[in-house]
Amino acid sequence: MSDLKIGILISGRGSNMASIIEACERGEISAQVACVISNKADAKGLEFAKAHNIPAIVIPHKNYEDRQSFEEVIDKVLTEHNVQLVCLAGFMRLLTAWFTERWTDRIVNIHPSLLPSFKGTKTHKEALEYGAKITGCTVHFLRAEMDHGPIIVQKAVPILEGDTEETLGQRVLQEEHKAYVEALKMIADNRVNIIDERVFITQAL
Ligand code: GAR
């Protein structure tokens, strides 16, 4: 089976990116990370990618006058690296319909809540303030609407008394790393099908 070529978009720490790279290196996901792109030059994840001999490219969004011209450069770099699947891993820029439609069914995102609850960037704060008892993470195909699209994997995390955004965020992050690898493994094995905007998983052989 030929390996799927993945491009990962990050903006910061890159811990999800690192777990994907490591799972590819172990052969757990039948894929290869062809490039990592960051919109921030100081994103910590860039160093990890370089240390693993993966091209790590900075495309600062501030250099472009609008979203689409920024995305056109991302699209060009992804294409140059023969990327087949784009993984958003803490990429904190909204993507336009131009990009999401160009890569339709080929962009995967991770979000630190059980979607459709708690979209946006203050996820853990909102879950705690709401008094939710369970939260978690979601890996999904991305549509033009923020944090929306067919769900591939979700993992639940209980909210404990005394949790802070940090303690909860840490426990959710551990599940994110597992969920993203699980989802990508199934995609790389061609087991993920989207029918009427819902994901159906074919059983493993
Ligand atoms: C992760 O918790 C990810 O789910 C979240 O940013 C963090 C990035 O961490 N993404 C979003 O909130 C997107 N809406 P990482 O850089 O260590 O992977």
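For the structure, check the block above.
Residues numbered from 1 in each chain as written. Predicted model: local features only at pLDDT ≥ 70, side-chain atom pairs only at ≥ 80, totals over all residues. Heavy atoms only, no water.

### Considering the overall build of the chain
Then, number 1: Check the secondary structure of the chain and you find six helices and nine strands.
Then, number 2: In summary, the chain has a C-alpha radius of gyration of 16 Å against a globular reference of 17 Å for 205 residues, a match within 12%.
Then, number 3: Taken over 205 residues, the chain has a buried fraction of 48%.
Then, number 4: Counted over contacts in the chain with a minimum sequence separation of 6, partners at least 24 positions apart contribute 62%.
Then, number 5: With the model as given, the accessible surface of the chain reaches about 10,600 Å², and the carbon-plus-sulfur share is 50%. (Helix = DSSP H or I, 4+ residues; strand = E, 2+ residues; numbered from the N terminus. Rg over C-alpha atoms; globule rule 2.2 N^0.38 Å. Buried < 20%, exposed > 50% of the residue type's maximum accessible area, 1.4 Å probe, protein only. Contact = heavy atoms within 4.5 Å. Areas by Shrake-Rupley, 256 points an atom, 1.4 Å probe, with all protein chains shown as cover.)

### A few points about the state of the cysteines
Then, number 1: Under the defined criterion, the tally for this structure stands at zero disulfides.
Then, number 2: Cys-87 supplies the cysteine sulfur nearest to Cys-137, a cysteine that is in no disulfide, at a spacing of 14 Å. (Disulfide = S-S within 2.5 Å.)

### Some thoughts on the side chain of Thr-123
Then, number 1: Secondary-structure assignment places Thr-123 in helix 5 (residues 123-130).
Then, number 2: In this structure the side chain of Thr-123 is engaged in a polar contact, spanning 3.4 Å, whose partner is the backbone oxygen of Gly-120. (Polar contact = N/O pair within 3.5 Å; in protein donor to acceptor, adjacent residues only side chain to side chain.)

### Re helix 3 (residues 67-80)
Then, number 1: With 14 residues, helix 3 extends 20 Å between its outermost C-alpha atoms, agreeing within 8% with the 20 Å of an ideal straight helix rising 1.5 Å per residue.
Then, number 2: For helix 3, the secondary structure elements touched by its buried residues are strand 1 (4-10), strand 2 (31-38), strand 3 (56-58), strand 4 (85-88) and helix 4 (97-102).
Then, number 3: Positive backbone phi, at 55 degrees, marks Asn-82, one or two positions downstream of helix 3. (Expected span 1.5 Å × (residues − 1).)

### What about unusual backbone geometry?
As a rule of thumb, non-glycine residues mostly have phi less than zero, and peptide bonds are mostly trans rather than cis.
Then, number 1: Here Leu-115 and Pro-116 are connected by a cis peptide whose omega angle stands at 15 degrees.
Then, number 2: Looking at the secondary structure, you find Pro-116 in the loop between strand 5 (107-111) and helix 5.
Then, number 3: Phi is positive for Asp-105, which is not a glycine, with a value near 65 degrees.
Then, number 4: Relative to the assigned elements, Asp-105 resides in the loop between helix 4 and strand 5.
Then, number 5: A residue is classified by how much of its surface remains accessible, and Asp-105, at 36% relative accessible area, is partly exposed.

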